[in-house]
Each structure stands twice: as structure tokens, then as C-alpha cells.
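Chain and residue survey
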Amino acid sequence: MKHQRVLVLDFGGQYNQLIARRVRDLNVYCDLKPCEMTAEAIEAYAPVGIIFTGGPNSVYDKGAPRVDPKILQLGIPVLGICYGCQLIAHTLGGGVEHAAAGEYGNTLLTLCGEDELLAGIPLSSVCWMSHTDRVSALPEGFAMLGRTESCPVAVFGDRRRKIYGVQFHPEVVHSEYGNRLLENFLYRVCGAKGDWTMKNFAAEEVAKLKEKIGGKRVLCAMSGGVDSAVAATLVYRAAGKNLTCVFVDHGLHRKNEPEEVMKVFRDGLGMNLIEVDARELFLNALRGVTDPEEKRKIIGKLFIDVFEREAKKIGAVDFLVQGTIYPDVIESGNGKSAVIKSHHNVGGLPAVVDFKEIVEPLRDLFKDEVRSVGKELGLSDEIVWRQPCPGPALAIRIMGEVTVEKLETVREADAIFREEIVRAGLDRDVWQYFAVLTDSKTVGVQGDFRTYENVIALRAVHSVDAMTADWARIPYEVLGRTASRIAGEVKHANRVVYDITSKPPATIEWE
Ligand code: XMP
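A quick note: this is a predicted structure, and the numbers were derived from the prediction, not measured. (Residues numbered from 1 in each chain as written. Predicted model: local features only at pLDDT ≥ 70, side-chain atom pairs only at ≥ 80, totals over all residues. Heavy atoms only, no water.)

With that out of the way, let us pick up the domain arrangement of the protein chain. When its domains are assigned, the protein chain resolves into domain 1 (5-189), domain 2 (198-384) and domain 3 (403-498). Placing the centre of domain 1 and that of domain 2 at their C-alpha centroids yields a distance of 38 Å. Contact with domain 1, which involves 11 residues of that partner, is made by 12 residues of domain 2. On the domain 1 side of the interface with domain 2, the three residues burying the most area are Gln17, Arg21 and Arg24, jointly 51% of the side's total. The shortest N-O distance in the salt bridge between Arg24 and Glu369 comes to 2.4 Å. Where the side of domain 1 that touches domain 2 is concerned, the elements lending two or more residues are helix 1 (16-25) and strand 2 (29-34). The biggest single contributor to the side of domain 1 that touches domain 2 is strand 2, with six residues. (Domains from an automatic or database assignment. Contact = heavy atoms within 4.5 Å. Buried area = accessible area lost by both parts, 1.4 Å probe. Salt bridge = Lys/Arg side-chain N within 4 Å of Asp/Glu carboxyl O. Helix = DSSP H or I, 4+ residues; strand = E, 2+ residues; numbered from the N terminus.)

As C-alpha cells, this is what we get:
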């Protein structure tokens, strides 16, 4: 089935993926494409609507991104957001000016016109702004639809041509009626049907995979993370026992993770899942190694070696499953710097597996969509809501050399922190939360005895894409309870500290 599509043209703003996610959340499929796309290419793509995103430039900057003016003559509805809105005004002969002061954060939006785009939005509401330039004069044929105190044209549009501009960011939650505006644009202006749902996706994808795979053989590296779990489950629905999954237990996983993976996928779903016990191998290879990058390299290489050995035992396969998701596709498509992948280890696998083709059942999906598909497929919340874990796992959460004893300490501390975060109902709000075993020892007192043990650091951050992160304001009670439990229950830990650094300047992981 061919879905209706909206095209989101990327002008480099920081919320661009968020715009695409909001559109998908409203049950309309969309793609985020570089802003250089030509009118001809867009016509061939045949979207029901186009959104120009925000971006860091001023339309007057030398080399600022432009649009092909023919795009605005295709008869396809267009919504420009922030820079996208200024670009529409500039391209169609309106005015854009530098303001003396920028406008950032929550602002009162006052509507001053009627239009389908504004249906159900009150005359006065809060919107979220982040701009310096602003539209100062409307292009011919456009109507003024809304303003804020420092932005004379905050919303404008031409109902006949179905071209609109909004200076504020409807995609961020702080814009009270932002989602309503996007919904109006999609359903009232573009005439979207809302045919993009994860229920449909799961059913259609399984049918497609069945046709593609037929009775052929498929191999998948299962990491235990959400993406590989959902990808493997989709393929399993289509290929059944023709799918072989390999789970490498490197001994660096979080508490109970390997057991859970085997329980859910092998015992529960009945997948053909091979567990490779490589714990000693990894520990031996890491002995004496203290440099973080060296640890990463050793783990990455060994993982590939172990997988290669298993793949050789299995022999030639027709397909290799990869858990690539849409943000990875966008990043490489736009030629921006590569994202740090959550399963970077899988990246090296194609070179060592004898296969004909890669299948990437999740390459059109955002992370939240992957989770919804997981739910559709009946996977538990524990799997579907699992927080991202780096490939080298606990090895880079132990400062310095990795030993069995240190692994045990950080694993137990981490399990307690996770338990307390879940108990406080914070697990879905916080992007990542974990314990780190620092390489500091401090004096403590337990009972009547002096102790000299390790300091555990707790780290919890909010993030959208892991490129930047803000430390999470976890309530003191939760931190306090976690700290006393760790210092009391975990061997070789007598002190707990909380990391309150954002990224940048720090990174999320300590190593
Ligand atoms: P940093 O520490 O760079 O982490 O702020 C950003 C995100 O990437 C994850 N991360 C890794 N993932 N292999 C991975 O697969 C790695 O070596 C690695 N290092 C960091 C980290 O958990 C965070 O989500």
C-alpha cells in the first residue's frame, strides 16, 4: 500500500526531526529531505504537502539556503516554519528584517484572521519563539493571521495558493496549540487521510518481508536493545525458523539482561536464538586496559570476531538483518556528521557474514515509532522502553581497568538506580540513567568500622538525540534513597555522587 506523504525540507534547524515526528504522530507519513531538493524532484515525489523547517541562517546571509521558487508554484500546500516562513516571504517579494533584539521562549500569540489553518485555536495562546529576523511585509496575495508583541507577522497565509508561514515553532510542546496547527495544516489544508499507523505498518511490513524472504535464510545479531529486538521480531513473524538470531554475551551487560533476552525471545517467542558465552574472552582481552578508546576498539573488534565465528558455523545466508532506524538514514543522507549509533558494533558485521542482501525493516521509523511497533508485536514494556545502552556497555562505565569484581559493583549499583527511577515513575521521562564506577576511593564508616571503598557516580540526562543533553533534575528523595541503598547494599561502594554536568561540555558517558 502506498501511503500519502508529506515532505519536510530541512534548512538545518535543531527541531527538524521533531517536526517530522510530530507529522508522523498525526498519522501522516513524512520524509525529511535536504532543502536543495528541486521542484522536479518534489513533483516526482508527489507529496500532499510540504513543510519548510527552521534553520540557523538569515535570508540575507551569503550562501543562506534558498528554495527553488518553482516549488511554490506546484499547487502543493506549503507551511514554512521560522526560517522557512521568512524564506517564503523573501522568495515571494515580501519583506524580512533584522530585529534589534531576538525573541526567545514563550510569547503570547494573538490571532487576527480566520483560516482553516487556525481552526480551533483561541485568539490568544502561548507560542514558542526562537528568532532574530522577522517578516516585516507580506508578499502579495497573503493575509496577516497572527502577531506577537515583537513580531508583527507571526502567522500569514494565502488560502487560495495554500501557502502559509508561522514564525513560532508549532512542533515544540511549549506552543500550546502547535500540534493543532500542524493537524489543521495536514488534514484541512493538505487533505491528509491519516493512513500512517504502526498497526498498519507492522502488518504491511510483515507481509512485505514474507514476500521478500520467502523460504530463504536470515541472520540477525540480537543486542537486546529496542531496535534489534523489534527488527528481529518483525522478521521472525515473516520468516519463523528460517531466522537465526545470535546474542553475544560479552559479560558487560547490565543486570539480568542476557537472561531476559533469552527468556523473551527464545523461551517466550520460540525464536531460533543462539547464545554465545564469550565472557571470558572479553575479560581476558580487556585485562590491564585502561584507555577508554582502546576498550571500545577491543570490544568492537572482538564482537565482530565472535560473530564471524558463529556466522561461519551457520554458513551462507540470504539476508542479514540490520536495526537501522530513520535518524541514521537522515543523517547520512544529509551528509552531516554521523550520529553515534546505539549498535555501532553491528556496523562491521556485513564484512564478516556470507550473505546476499541486507534487510532493514525499521529504516523508515523514528525511535518512538519503533517502540509502538514493538508494542503492536506484543513485546513487553521492559523491552520496548529499554533505555539506550552503548555497545561496550558497562566496560565504559568502569573508570580504568575492567575486572569481574568491578563489574559486579557497578552492575548492582546500576540495577538499584534503575529500580528506584522506575519506582518513582521517571523511567519514561529520562533519556538515559545509569551508575558509573569511578576510580576514586574514599573513607567511610559502616557499623563501627572504617571503610575505604569506591565512589559510585549516578548519571541521568534528558536528551533528544544524544548529541546534546541536560542533566535530569531527579528529586532529592529518589537520589537519597538510591544513594543509601547503594552504599548499604552494594559491595565495595561506600559513597554516591550525582553528576550535574550537561553535554556539552561533558559527554553523557564518563568514558
Ligand atoms: P556520549 O558519551 O558521547 O554518548 O555523550 C552519546 C550517546 O552514545 C552512547 N555511546 C555509545 N554507543 N558505542 C555505542 O554504541 C559507544 O562506544 C558509545 N559511547 C557512547 C551513549 O550511551 C549515549 O547514548
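Under the counting rule described, the total for this entry stands at 36 salt bridges. Glu308 is the partner of Lys312 in a salt bridge, and the nearest nitrogen-oxygen pair spans 3.4 Å. Of this pair, Lys312 and Glu308 both sit in helix 9 (residues 292-314), four residues apart, roughly one helical turn. Its relative accessible area of 63% is what places Lys312 among the exposed residues. Of the residues examined, Glu308 reaches a relative accessible area of 24% and is grouped as partly exposed. The partner of Asp318 in a salt bridge is Lys356, with the nearest N and O atoms 3.0 Å apart. On the criterion of sequence distance, the pair formed by Asp318 in the loop between helix 9 and strand 13 (319-321) and Lys356 in the loop between helix 10 (326-333) and strand 14 (357-359) is long-range, its members being 38 residues apart. Overlapping salt bridges, with partners in common, bring together Glu419, Glu420, Arg423, Arg481, Arg485 and Glu489 in one network. (Buried < 20%, exposed > 50% of the residue type's maximum accessible area, 1.4 Å probe, protein only.)

Residues lying three or four places apart along an α-helix face the same way, a consequence of the helix completing one turn every 3.6 residues. For helix 9, spanning 23 residues, the distance from its first C-alpha to its last is 33 Å, which sits close to the expected 33 Å at 1.5 Å a residue. Of all the positions in helix 9, only Lys295, Ile299, Gly300, Leu302, Phe303, Ile304, Val306, Phe307, Glu310, Ala311 and Ile314 are classed as buried. Summarising the contacts, the buried residues of helix 9 are in contact with strand 10 (218-221), strand 11 (243-249), strand 12 (272-277) and helix 8 (279-286). N-capping of helix 9 is provided by Asp291, with a side-chain oxygen placed 3.3 Å from the backbone N of Glu293. One or two steps after helix 9, the chain reaches Gly315, where phi turns positive at roughly 90°. (Expected span 1.5 Å × (residues − 1). Polar contact = N/O pair within 3.5 Å; in protein donor to acceptor, adjacent residues only side chain to side chain.)

Counting buried positions along helix 3 (residues 83-91) yields seven of nine residues, so the element is predominantly enclosed. Looking only at helix 3, the buried set comprises Tyr83, Gly84, Cys85, Gln86, Leu87, Ile88 and Ala89. For helix 3, the secondary structure elements touched by its buried residues are strand 3 (49-52), strand 4 (78-81), strand 5 (95-111), strand 6 (124-137), strand 8 (151-158) and strand 9 (163-166). Positive backbone phi, at 90°, marks Gly93, one or two positions downstream of helix 3.

With that settled, consider the environment of Gly425. Secondary-structure assignment places Gly425 in the loop between helix 13 (404-423) and strand 15 (432-446). For the pair Gly425 and Gln17, spaced 408 residues apart in sequence, the C-alpha separation works out to 27 Å.

Before going further, it helps to examine the nonpolar core. Ranked by size, the top nonpolar core spans 51 residues in total, and within it Leu219, Leu252, Phe282 and Ile474 carry the most contacts. Here this core takes eight residues from helix 9, the largest share from any one element. Taken together, domain 2 (198-384) and domain 3 (403-498) each give at least three residues to this core, which thus spans both. Counting 41 residues, the second-largest nonpolar core is a separate cluster that includes Phe201, Leu209, Met222 and Leu362. (Core = buried A, V, L, I, M, F, W, Y, C linked by side-chain atoms within 4.5 Å.)

Take the sheet that holds strand 8 next. Strand order in this open sheet of nine strands is 2-1-3-4-9-8-7-5-6, and the pairing throughout is mixed. Both outer strands of the open sheet, strand 2 and strand 6, are each paired with one neighbouring strand and no more. With direction set aside, neighbouring strand axes in the sheet form an average angle of 25°. Pairing of strand 4 with strand 9, which is carried by four bridges, proceeds in the parallel orientation. Bridging across to strand 9, Leu79 finds its partner in Tyr164. Contacts from helix 3 reach strand 3, strand 4, strand 5, strand 6, strand 8 and strand 9 within the one sheet, and its direction differs from that of strand 4 by about 120°. (Pairing = 2+ DSSP bridges. Axes fitted to C-alpha atoms, helices over the stretch in contact; angles between N-to-C directions.)

Packing of helix 5 (residues 198-213) against helix 6 (residues 226-239) brings their axes to within 8 Å, and their N-to-C directions diverge by 55°. What the angle tells us is that helix 5 and helix 6 run oblique. Helix-helix and strand crossings are classified by hand; for helix 5 and helix 6 the assignment is right-handed. Between helix 5 and helix 6, the contacting residues are Phe201, Ala202, Glu205, Val206, Leu209, Lys210 and Ile213 on the first element and Leu234, Val235, Arg237, Ala238 and Ala239 on the second. (Parallel < 35°, antiparallel > 145°, perpendicular 65-115°, else oblique. Left-handed = near helix turned anticlockwise from the far one by under 90°.)

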